[in-house]
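A look at the structure
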Amino acid sequence: MKNLSKELVHRINDIAVPVRIMHVCGSHEHTIMENGIRTLLPEEVEIVAGPGCPVCVVPAREIDEALSLVDKGVTITTFGDMMRVPGSNKSLSEAKADGADVRIVYGINNAVELARKNPDQKVVFIAAGFETTAPTTASEILNEPPENFSILSCHRLIPPALDFLIDSGETNLNALIEPGHVCTIIGNKPFEHFSTKYGIPQATAGFNPLDILMAVYLILRQIKNDDPHVDNEYKRAVRDEGNVVAQKAMADVFTVKSREWRGFPKIPNSVYELKPEFSQYNAREIYDIEVKDVTEAPKGCICGPILRGLKRPTDCKLFGKSCTPLHPIGACMVSKEGTCNIAHRYTPMD
């Protein structure tokens, strides 16, 4: 592996040109930081992290939606990473400390089982995640969970977010490393128009250091040959067409809506919501949830610009001082997939 890494770095240096490559995957950022990959690359080759943390991009308003159910006697179930994501005034963890019935589950199946065992209790699952986890939500809905169960859909879609970033022009990205886990589900085809329309080189990558280095090399080779397309570096898991069974389940259950992300304004066609025929499982409709739009970031927090690839965690005055994994202020420091959380683990502190 060491010799292969050296060979790839040598090849990268041979054809390096100024390029700004964005990835949208917390696991990719972890691999990059843990293995010091940025230090191996020539200065003109820059890798920036985009909105690759599914928990981090859930906006404060949706946390407030979940919190609004607490006063109605609803049991909230969610992933552990979601507990400390800030709402407008408090997090789910703080609500739990105040007596709210908020429970950590490993997946939607655990939430469904909780509802079955407690038929007199209303149970809501916060269904967060990108296209990777949306099929499990769809599958449970198709299996007709009990009447006392519903979801708050916070699922978000990666290609529309990239469309937004490219069209905005503020991120100034030149190339993309696509997330292997998302592409396992939706394939490479949803990303092809970034190459054909915008001339952006791309590579779908796996999650070890060699995967990342190979993706960088493939992108630079495309630039050298003036041949932008989607290279599938992660062929051991990703097919161009993706997982058609999972795609069908998602298409059967979800409709696509426009909604804001944390750090972003409303992104067109970027979230999943349950179709009307499954409204009996839609917590927003069952409980007639209405919350106000809120200010996203606490004072001094630059999580938004970090999620858009405009800033690095070390640019934030709060990073590693008042904002740490034990005491996170912004959403990017909460999850282990968050850019700030990862940077805190691998950045030397004064």
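Everything below is about the structure printed above this text.
Quick summary incoming for the structure in this document. (Residues numbered from 1 in each chain as written. Predicted model: local features only at pLDDT ≥ 70, side-chain atom pairs only at ≥ 80, totals over all residues. Heavy atoms only, no water.)

1. Quick notes on the overall build of the chain
- Of regular secondary structure, the chain possesses 15 helices and eleven strands.
- In summary, the chain has a C-alpha radius of gyration of 20 Å against a globular reference of 20 Å for 350 residues, a match within 12%.
- Dimensions along the principal axes, computed over C-alpha positions, put the chain at roughly 65 × 50 × 35 Å.
- Across the 350 residues that make up the chain, the buried fraction comes to 56%.
- At a minimum sequence separation of 6, the contacts of the chain that also span at least 24 residues come to 75%.
- Accessible surface computed for the chain: about 15,600 Å², of which carbon and sulfur atoms make up 49%.
- The centroid of the 38 positive side-chain charges in the chain is displaced by 3 Å from the centroid of its 45 negative side-chain charges. (Helix = DSSP H or I, 4+ residues; strand = E, 2+ residues; numbered from the N terminus. Rg over C-alpha atoms; globule rule 2.2 N^0.38 Å. Buried < 20%, exposed > 50% of the residue type's maximum accessible area, 1.4 Å probe, protein only. Contact = heavy atoms within 4.5 Å. Areas by Shrake-Rupley, 256 points an atom, 1.4 Å probe, with all protein chains shown as cover. Lys, Arg positive; Asp, Glu negative; His and termini not counted. Charge placed at Lys NZ, Arg CZ, Asp CG, Glu CD.)

2. What about empty space enclosed by the protein?
- Under the criterion given, the structure shown has two cavities of 30 Å³ or more.
- Estimated volume of the largest cavity: approximately 80 Å³.
- Lining the largest cavity are 13 residues, and of these C301, I302, C316, C323 and C340 sit closest to its centre.
- Split by residue class, the lining of the largest cavity holds twelve nonpolar, one polar and no charged.
- In this structure, the second largest cavity occupies an estimated 30 Å³ of space.
- If you trace the second largest cavity, you find it lined by H23, C25, G26, E29, A49, G50, G52, C53, E337 and T339.
- Residues of the lining of the second largest cavity, tallied by class, amount to three nonpolar, five polar and two charged. (1 Å grid on protein atoms, 1.4 Å probe; cavity = no way out; pocket = protein on both sides within 12 Å on 5 of 7 lines; lining within 4 Å. Points joined across faces, edges and corners; volume = space filled by probe spheres on them. Nonpolar A, V, L, I, M, F, W, Y, C, P; charged D, E, K, R; others polar.)

3. A closer look at the environment of Q202
- Mapping Q202 onto the fold places it in strand 8 (residues 202-205).
- Expressed as a C-alpha distance, the spacing of Q202 and C332, which sit 130 residues apart in the sequence, is 25 Å.
- Not counting residues within four places of it along the chain, the set of residues in contact with Q202 comprises L176, E178, F191, E192, F194, S195, I219, Q222, H229, V230 and D231.
- Within the structure, Q202 has its side chain in polar contact with the backbone oxygen of F191 (distance 2.8 Å). (Polar contact = N/O pair within 3.5 Å; in protein donor to acceptor, adjacent residues only side chain to side chain.)

4. Overview of the sheet that holds strand 4 (residues 102-104)
- Strand order in this open sheet of four strands is 4-3-5-6, and the pairing throughout is parallel. What marks the edges here is a single partner per strand, and that holds for strand 4 and strand 6 (149-155). If you compare each strand with its neighbour and ignore which way they point, the axes differ by 25° on average.
- The pairing of strand 3 (residues 75-78) with strand 4 spans three bridges and is classified as parallel. (Pairing = 2+ DSSP bridges. Axes fitted to C-alpha atoms, helices over the stretch in contact; angles between N-to-C directions.)

5. A closer look at the state of the cysteines
- Tallying each qualifying case throughout the model produces two disulfides.
- Disulfide pairing is shown between C53 and C56; the S-S distance is 2.3 Å. Across the S-S bond of C53 and C56 the torsion is about 70°, and the bridge reads as right-handed.
- Between the sulfur atoms of C303 and its disulfide partner C332 the distance amounts to 2.2 Å. Classification of the bridge connecting C303 and C332 rests on its S-S torsion, roughly 80°, and on that basis the disulfide is right-handed. Taken together, the positions of C303 in helix 14 (residues 303-307) and C332 in the loop between helix 14 and helix 15 (339-346) put the pair 29 residues apart, joining distant regions of the chain.
- A residue is classified by how much of its surface remains accessible, and C332, at 1% relative accessible area, is buried.
- C183 supplies the cysteine sulfur nearest to C25, a cysteine that is in no disulfide, at a spacing of 9.8 Å. (Disulfide = S-S within 2.5 Å.)

6. Focus: the pairing of strand 3
- Burial of strand 3 is two-sided: the residues T75 and T77 facing one way and the residues I76 and T78 facing the other way are all buried.
- Following the chain from strand 3 across helix 5 (residues 92-97) to the adjacent parallel strand 4, one finds a crossover that is right-handed. (Right-handed = clockwise from strand over helix to strand, strands pointing away.)

7. Quick notes on the pattern of salt bridges
- The full count for this structure, using the stated rule, is 16 salt bridges.
- For E62, the salt bridge is made with R259, and the minimal N-O distance between the two is 3.5 Å. Of this pair, E62 sits in helix 4 (residues 60-70) while R259 sits in strand 10 (residues 254-260); the two residues are 197 residues apart in sequence, bridging distant segments of the chain. An identical accessibility class is assigned to E62 and R259; each is buried.
- Two residues, E65 and R284, come together in a salt bridge whose shortest N-O distance is 3.0 Å. With a gap of 219 residues between them, E65 in helix 4 and R284 in helix 13 (residues 283-286) connect regions that are remote in the sequence.
- Note on E65: relative accessible area 4%, which makes it buried.
- For R284, a relative accessible area of 13% corresponds to the buried category.
- Salt bridges sharing partners connect three or more residues here, namely R61, E62, E65, R156, R259, E260, E273 and R284. (Salt bridge = Lys/Arg side-chain N within 4 Å of Asp/Glu carboxyl O.)

8. Describing the sheet that holds strand 8
- What the five strands build is an open sheet, ordered 2-1-7-8-9; its pairing is parallel. Strands at the two margins of the open sheet, each flanked by one partner only, are strand 2 (45-49) and strand 9 (230-232). Strand-to-strand twist in this sheet, taken as the mean axis angle between neighbours without regard to direction, amounts to 25°.
- Both strand 8 and strand 9 contribute to a ladder of three bridges, which runs parallel. Within strand 9, the position partnered with A203 by the bridge is D231.

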